[in-house]
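Each chain, written out:
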Amino acid sequence: MLYPRETRTRECKDLSGIWHFQADPDGHGRSFKWFSKGLPCPILMPVPSSYNEITTDPQLRDYIGDVWYERYFYVPKDWSDRRVMLRFGSVTHSGTVWVNGEEIVRNKGGFLPFEADITNVVYYGQLNHLVVCVNNELSWEMLPPGEVSFHQDADGVSRKDLHQQHDFFNYSGIHRPVYLYTTPMTYIEDVTIKTSFEGHTGFVDYQVCISQQNPSFLSDSIVKVFLYDASGNKVAEGKGEIGKIKVQDVQLWNPGDAYLYRMSVCLYDEQHVEVDHYELNIGIRTVKVEGNSFLINGRPFYFRGFGKHEDMDIKGKGFDHALILRDFYLMEWIGANSFRTSHYPYAEEVLDIADRQGIVVISEVPAVGMLSKAVPAMGELEDVFHQEKINDKTLEHHIRVTRDMIRRDKNHPCVVMWSLANEASTMEENAEPYFRKLVDETRKLDDRPLMIVNLMLIEPKKCRVSKLFDVIGLNTYFGWYSEMANLKAASARLEQFLEDWHRTLGKPLMITEYGVDTIQGLHRQPPVMYSEEYQVSFFQAYHQVFDRLGYLKGEHVWNFADFMTKEDLVRIDGNRKGVFTRQRQPKMSAYTLKERWTAPAEISQESDGHGGRR
Ligand code: BDP
C-alpha cells in the first residue's frame, strides 16, 4: 500500500485538527443515525490522538465501546476529474467510516492504515460530512486478543470492562494522520522493490502495479522508473512494469550510515504524456540469516537497542512528530542501532525516519497476549489455542494483519525482520499448526527473516514453534519476576537458560527484552528493587553474561521509556522499565548503556563498524 504523497500528479490534504467527538455508552449512534444526522452533543477532540486522557472525565479514560468522531471538509473543485481517496493511518481498534451519510469502509485492527475510494461520494467545491465510529473492544478473534464483560456501577448503570493479557494501556481513538489524497483515474497502485548487490554494482528489482480500471489504456501504457542519488543525479533507469535496474558504484544502505536513493515511478499514456507519478526513498542492502549469523550486506550485525512503545503523556498513542524525532535523537545519543516495534506496527512515518537515520527495525504484528495471564512470568499458563480462544478466526486475522504490515512496510530498508508474535503460549500442541500456517503464508509474501519472541517461562524443549523461525527472541526477567533482588542467582539462571536455548535450537538468539521497573529519582546504595542503582546493576549483571557467552545476536532492553499500562499492584503509574522517563529524560542506567554501546572497543573488527559485539 503506497503512502499518500504529493507528486507531480497527486495532491494531499491533511485532515488533522480538532474534530467533534461523542462517546456512545448506550449504543444510540447507529439507531439514531449519527452518521448522517451528526453528533447530538459533541465535545472537541484532537486528531490524531488517543481520546482517553484529553479530558478530565474518568469514565472516558477507561471507556470501552463505541465513540464517534465528526468533521467537515472541502474537496477542491478541480479534483473532480481525479480519484479521491480517504486514508486513516490507524484507528484503534475498529472503525466504520461514513462520508455524506454513506458508509464507505469498515476496518478491524488498530495499528495499520486503511483507505477508501470516495470519488463518487464527495461533493466537489462544497462541504462534505465525515463521521467515524471507533470501537476499542477486543475479542479472541482479534489481535491483540481480549475479552469484554459487563459490570453494574453503584448507580445501577451497566458498563463494559475489557480483560486484556497485554501490558500496555488500551489507548483508543484516531491515532495517526487522516489524509485526503488524489490519484489520476488510471494510477500507480503499488510498487515493490527488492535490492541486492555484487561488488560495486547494486541491483533494484522492481514491480509496478497499475490500476486495472481502464484495460484498453493499459495495453499502450508505459512505465518508466528513474533512480536518483542523494545529490539528485540520475544514476539509473528502467522501462516496463517489471524490471531490474543496475546501479554502478552503488552506495549501500548500512546501519548507522544510511544512504537513500530516490525512486521516481512514471506512468505514461500512448502519446507519452505523463499520467501518474509516484516517488519513494529506497536503500540498497541485503539481509540474510546464515548459520548462526544475522547478516546485513553480508556482514554480521549485532542488535543494540530497545523494545519501545508508541506512548506519551496526554496524547497516549497519538502520532507526534516531535516525540518521534526526540526518540530517534535519544537512540543516537545512547548508541542504539535498532529497535523492535513492540507490540504492533508503528506509524509508517517512523519507518521513514529510521530509513533516513540508519536505524534498523524489527517490525512486529500486534500478536501480544496470546496466553492466559496478564503478568505471565508470575503464574501458571492455561491453554489458549482452542475453539473458545485462539482459533481459526484469530489465525485468519493474524495472517491478514501480517499481510497488511508487509504490504505497507516491504520497501523500507530499515525493516530487516518480521516478528510474528510476542510471548505466545507456544508449548501448546495446537500452537504448532497455527504458527506453521502463519509462517508458510508469510514466507510467500516476503523473504526477510522471521522472528518469534518467547516467554521466559517456556523451556526450549517444550516450545513447539521456535523451530519454524529464523531468529529467536528471548524475553528475560531473572532478577525481577524471579530471583527478585538477587542478581547473582539471576545471572546464573540467565546463563543456564541461554545455554539451554543455544544447545537445543542452534539458531540465532537475541535478547528481545530485559529490564526492571525503576522509579526515577529513587536512589539506594546498596541497590534495592525499583531504585535507579538496581536498574544499573541489573544491566551490568546481564551484560557480563551476554559477553561471556558470546553467541547472542543482540540485546534489546525493555523498555526505551516508561509507558502507561492498565492499573495494577505492580504498575506504579504504568510500567517503569524505561531507560528514559515517559518525558524522555535519562535515568542513571541510560549512561551505563551509552558507555557500553558507544565504546569503540566494543565494536568488533568482524562486523566492520556494524556495531557487532564479538
Ligand atoms: C513482557 C512483555 C511486555 C511487558 C514486560 C513487562 O513482552 O509487554 O511489558 O514483559 O512485564 O512479558 O514489563
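Per an unreviewed UniProt entry, the protein chain goes by Beta-glucuronidase and derives from Caldalkalibacillus uzonensis. As its UniProt record puts it under Sequence similarities (unreviewed entry), the protein chain is described as follows: "Belongs to the glycosyl hydrolase 2 family."

A. Geometry of the layout of surface pockets. Taken as a whole, the largest pocket encloses approximately 700 Å³ of empty space. A per-element tally of the lining of the largest pocket places strand 12 (residues 158-164) first, with six residues. Taken together, the residues of the lining of the largest pocket break down into twelve nonpolar, nine polar and ten charged. Approximately 530 Å³ is the volume found for the second largest pocket. Tyr3, Arg5, Asn281, Asp352 and His412 are the residues nearest the centre of the second largest pocket, which is lined by 32 residues in total.

B. Highlighting the site of the ligand. Around the ligand, the structure places 13 residues, and the nearest of them are Asp167, His343, Glu423, Tyr481 and Lys577. In this structure, Asp167 approaches the ligand through a side-chain N or O atom, which is 2.5 Å from an oxygen atom. Contact distances for the ligand include 2.8 Å between an oxygen atom and a side-chain N or O atom of Glu513. In the complex, 95% of the free accessible area of the ligand, which totals 320 Å², lies under the protein chains. Partitioned by chemical class, the residues of the shell around the ligand number four nonpolar, four polar and five charged.

C. Molecular detail of a nonpolar patch on the surface. Taken together, the side chains of Tyr72, Tyr74 and Leu127 define a hydrophobic patch exposed on the protein surface, amounting to about 330 Å² of accessible area. Looking at the element boundaries, Leu127 is found in strand 10 (residues 127-135).

D. View of the domain arrangement of the protein chain. Per the domain assignment, the segments of the protein chain are domain 1 (12-183), domain 2 (188-285) and domain 3 (302-597). The centre of domain 2, based on its C-alpha atoms, is set 35 Å off from the matching centre of domain 3. In this complex, domain 2 contributes 16 residues to the contact, which on the side of domain 3 involves 17 residues. Around 1,100 Å² of area is buried between domain 2 and domain 3 when both sides are counted, 51% of it from carbon and sulfur atoms.

E. Examining the environment of Lys224 more closely. Of note, Lys224 is situated in strand 17 (residues 222-228). In this structure Lys224 comes out as partly exposed when scored by relative accessible area, which is 23%. C-alpha of Lys224 to C-alpha of Lys288: the two residues are 64 residues apart in sequence and 30 Å apart in space. Once you skip the residues sitting within four places of it in the chain, Lys224 turns out to touch Gly238, Lys239, Ser264, Val265, Cys266 and Tyr268.

F. The packing of helix 10 (residues 532-549) against helix 11 (residues 588-598), seen in detail. Running from N to C, helix 10 and helix 11 point in directions that differ by 25 degrees, and their axes come no closer than 8 Å. Comparing the axis directions of helix 10 and helix 11 gives the class roughly parallel. Like other packed secondary-structure pairs, helix 10 and helix 11 cross with a definite hand, here right-handed. Side by side, helix 10 and helix 11 meet where Glu532, Glu533, Gln535, Val536, Phe539, Gln540, His543, Phe546 and Asp547 of the first sit next to Met588, Ser589, Thr592, Leu593 and Arg596 of the second. The residue inventory of the contact of helix 10 with helix 11, partitioned by class, reads five nonpolar, five polar and four charged.

G. Main features of the environment of Phe301. Within the secondary structure, Phe301 sits in the loop between strand 24 (299-300) and strand 25 (303-307). Of the residues examined, Phe301 reaches a relative accessible area of 2% and is grouped as buried.

H. Structural view of the sheet that holds strand 15 (residues 188-198). Pairing is antiparallel across the open sheet formed by three strands, whose spatial order is 15-16-19. Two strands bound the open sheet, and with one partner strand each, they are strand 15 and strand 19 (242-247). Neighbour to neighbour, the strand axes of the sheet diverge by 20 degrees on average, direction disregarded.

I. Helix 11, seen in detail. Regarding helix 11, the residues found buried are Ser589, Ala590, Thr592, Leu593, Arg596 and Trp597. Viewed end-on, helix 11 has its buried residues packed into an arc of 160 degrees, placing them on one side of the element. Where the residues of helix 11 are buried, they touch strand 25, helix 5 (321-334), strand 31 (509-514), helix 10 and strand 32 (554-558).

J. Seen up close, the pairing of strand 20 (residues 261-268). For strand 20, the buried fraction is high: seven of the eight residues fall into the buried class. In terms of strand pairing, strand 17 meets strand 20 through seven bridges, oriented antiparallel. Opposite Ile222, over in strand 20, you have Tyr268 as the bridge partner. With eight bridges joining them, strand 20 and strand 21 (residues 274-282) adopt antiparallel strand pairing. In the strand pairing of strand 21, Leu267 is matched with Asp276.

K. Representation of empty space enclosed by the protein. Enumeration according to the criterion identifies eight cavities of 30 Å³ or more in this entry. Computed from the structure, the second largest cavity encloses a volume of approximately 200 Å³. Together, 22 residues line the second largest cavity, and His309, Glu310, Leu323, Ile324 and Val350 are the ones closest to its centre. If one sorts the elements of the lining of the second largest cavity by residue count, helix 5 sits on top with five residues. Its residues assigned to classes, the lining of the second largest cavity comprises ten nonpolar, four polar and eight charged.

L. View of the pairing of strand 17. In terms of burial, strand 17 is largely enclosed, as six of its seven residues are buried. Note that strand 17 and strand 18 (residues 234-239) share five bridges and pair antiparallel. Across the sheet, the residue bridging to Lys224 is Lys239, located in strand 18. Hairpin remark: strand 17 followed by strand 18, antiparallel, with five residues in the connecting loop; positive phi at Gly232, about 90 degrees.

Definitions and limits used
- Residue positions are given per chain, counted from 1 along the sequence in the order it is written.
- In keeping with the model being predicted, local features are shown solely for residues with a pLDDT of at least 70 and side-chain atom pairs are shown and tallied solely at 80 or more, while totals for entire chains, interfaces and linings include all residues.
- Calculation of side-chain values draws on the structure's entire complement of heavy atoms; hydrogens and water are dropped beforehand.
- UniProt positions are given in the numbering used here, feature names are shortened, and annotations may be inferred rather than shown by experiment.
- The method works on a 1 Å grid over the protein atoms by themselves. A cavity is a set of points holding a 1.4 Å probe that cannot get out, a pocket is an open set with protein on both sides within 12 Å along at least five of seven lines, and residues with an atom within 4 Å of a point line them.
- Grid points are joined across faces, edges and corners, and a volume is the space filled by probe spheres set on the points.
- Here a strand is any run of E in DSSP of at least two residues, a helix any run of H or I of at least four, and the numbering for each starts at the N terminus.
- Classification used: nonpolar for Ala, Val, Leu, Ile, Met, Phe, Trp, Tyr, Cys and Pro, charged for Asp, Glu, Lys and Arg, polar for all others including Gly.
- A molecule or strand has a residue near it when one of that residue's heavy atoms lies within 4 Å.
- Any pair of nitrogen or oxygen atoms within 3.5 Å is treated as a polar contact; in protein, a donor-acceptor pairing is required on top of that, and neighbouring residues in sequence qualify only through side-chain atoms on both sides.
- Method for areas: the Shrake-Rupley scheme with a 1.4 Å probe, in which residue coverage is limited to the protein chains shown.
- Two distance rules govern patches: like charges are joined within 9 Å, and nonpolar side chains (Val, Leu, Ile, Met, Phe, Trp, Tyr) within 5 Å, applied only to residues with over 30% relative accessible area and no salt bridge.
- Salt bridges are identified by distance alone: a Lys or Arg side-chain nitrogen within 4 Å of an Asp or Glu carboxyl oxygen.
- Domain ranges listed in this record stem from an automatic or a database domain assignment.
- Whether two residues are in contact is decided by their heavy atoms: any pair within 4.5 Å suffices.
- In this description, buried area is defined as the sum, over both parts, of the accessible area (probe of 1.4 Å) that is lost when the two are combined.
- Under the scheme applied here, a residue whose accessible area is under 20% of the maximum for its type counts as buried, over 50% as exposed, and between as partly exposed, the area being computed with a 1.4 Å probe on protein chains only.
- Every axis corresponds to a line fitted to the C-alpha atoms, with the helix fit spanning only the stretch in contact, and the corresponding angles, defined between N-to-C directions, vary from 0 to 180 degrees.
- For classification purposes, angles smaller than 35 degrees are called roughly parallel, those larger than 145 roughly antiparallel, those between 65 and 115 roughly perpendicular, and all remaining angles oblique.
- Crossing handedness: left-handed means the near helix sits turned counterclockwise from the far one by under a right angle, and right-handed means the same turn made clockwise.
- Paired strands, in this sense, are two strands between which DSSP finds at least two bridges.
- Summarising the geometry, the arc corresponds to the directions from the helix axis toward the C-beta atoms.

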